[in-house]
Amino acid sequence: RKEVEQDPGPFNVPEGATVAFNCTYSNSASQSFFWYRQDCRKEPKLLMSVYSSGNEDGRFTAQLNRASQYISLLIRDSKLSDSATYLCVVNEGYDYKLSFGAGTTVTVRA
Amino acid sequence: NAGVTQTPKFQVLKTGQSMTLQCAQDMNHNSMYWYRQDPGMGLRLIYYSASEGTTDKGEVPNGYNVSRLNKREFSLRLESAAPSQTSVYFCASSPSGGGSYNEQFFGPGTRLTVL
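These numbers come from a predicted model, not from an experiment.

1. Let's talk about the interface of chain A and chain B
- The interface is formed by 20 residues belonging to chain A together with 25 residues belonging to chain B.
- Summed over both partners, the interface of chain A with chain B buries about 1,800 Å², with 59% contributed by carbon and sulfur atoms.
- Our count for the chain A to chain B interface comes out at zero salt bridges.
- Along the contact surface separating chain A from chain B lie three residue pairs in polar contact (both at pLDDT 80 or more).
- Among the secondary structure elements, those contributing two or more residues to the side of chain A that touches chain B are β4 (32–38), β5 (44–50), β9 (84–91) and β10 (98–100) of chain A.
- Counting residues per element, the side of chain A that touches chain B draws most heavily on β4(A), which supplies four residues.

Printed below as a string of structure tokens:
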């Protein structure tokens, strides 16, 4: 079983729409959680950390559900520039290693 | 600040050839990492270096070796390349490991094809 699983999509949405997707993780002892963004043929970059109480960064909202072991990302008022693959990333403990999901692809159309 | 740099950007090897992928960071980070990314799979950790002078195996270390040359540089070596090593290789660094502060900064990647 993969440590971090994501719906690969793609999610095709019109500009201005709201899109949301989840990621599940297998290790209940996981300590910290992130969403990274990866544009086509580029390196991953941190989008936002995910805190226990949930957090927002502009049009992006991240939630953590420890009981069900999933995190979510919601994008409001989608822009063309939001088209990318979103990687769910989990740190399982107090060490240096991160576990990456395979990514969810979002395509925003005009 | 260049961040994390990698060379080369592209490489084609024949089976059995060797090569070294170079990575350097100018952010004074303690920890460095090598990942591979294959279609439909998440990034998989090959090796990491928690601090200068230390290296440890990650999830998929077979067929690779690493050297933490100094605090800035972390190289990945393929001694005898195989077609299964065709992939995109990313180097990353982070200020330090442990706890909740684990943001990693990635280089632009090396696209390697082994024929």
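2. Quick notes on the sheet that holds strand β3 (residues 19–25) of chain B
Residue and element names in this part refer to chain B.
- The strand order across the open sheet built from four strands is β1-β3-β8-β7, with neighbouring strands paired in antiparallel fashion. Here the strands that pair on one side only, and so sit at the sheet edges, are β1 (4–7) and β7 (64–68). Strand-to-strand twist in this sheet, taken as the mean axis angle between neighbours without regard to direction, amounts to 15°.
- Direction of pairing for β7 relative to strand β8 (residues 74–78): antiparallel, over a ladder of five bridges. When the bridges of β8 are listed, V66 appears paired with L76.

3. Quick notes on the nonpolar core
- Judged by nonpolar contacts, the single largest core of 22 residues is most densely connected at A:F21, A:W35, A:I71 and A:Y86.
- Within the residue set of this core, elements represented by two or more residues are β3 (19–25), β4, β5, β7 (60–65), β8 (70–75), β9 and β11 (104–109) of chain A.
- Filtering out sequence-adjacent residues up to four positions away, A:I71 remains in contact with A:F21, A:N22, A:C23, A:Y25, A:F33, A:F34, A:W35, A:V50, A:Q63, A:L64 and A:C88.
- Counting residues in hydrophobic clusters, the runner-up holds 20 residues, among them B:W34, B:I46, B:V66 and B:V114.

What counts and how
Residues numbered from 1 in each chain as written. Chains lettered and ligands numbered in written order. Predicted model: local features only at pLDDT ≥ 70, side-chain atom pairs only at ≥ 80, totals over all residues. Heavy atoms only, no water. Contact = heavy atoms within 4.5 Å. Buried area = accessible area lost by both parts, 1.4 Å probe. Salt bridge = Lys/Arg side-chain N within 4 Å of Asp/Glu carboxyl O. Polar contact = N/O pair within 3.5 Å; in protein donor to acceptor, adjacent residues only side chain to side chain. Helix = DSSP H or I, 4+ residues; strand = E, 2+ residues; numbered from the N terminus. Pairing = 2+ DSSP bridges. Axes fitted to C-alpha atoms, helices over the stretch in contact; angles between N-to-C directions. Core = buried A, V, L, I, M, F, W, Y, C linked by side-chain atoms within 4.5 Å. Buried < 20%, exposed > 50% of the residue type's maximum accessible area, 1.4 Å probe, protein only.

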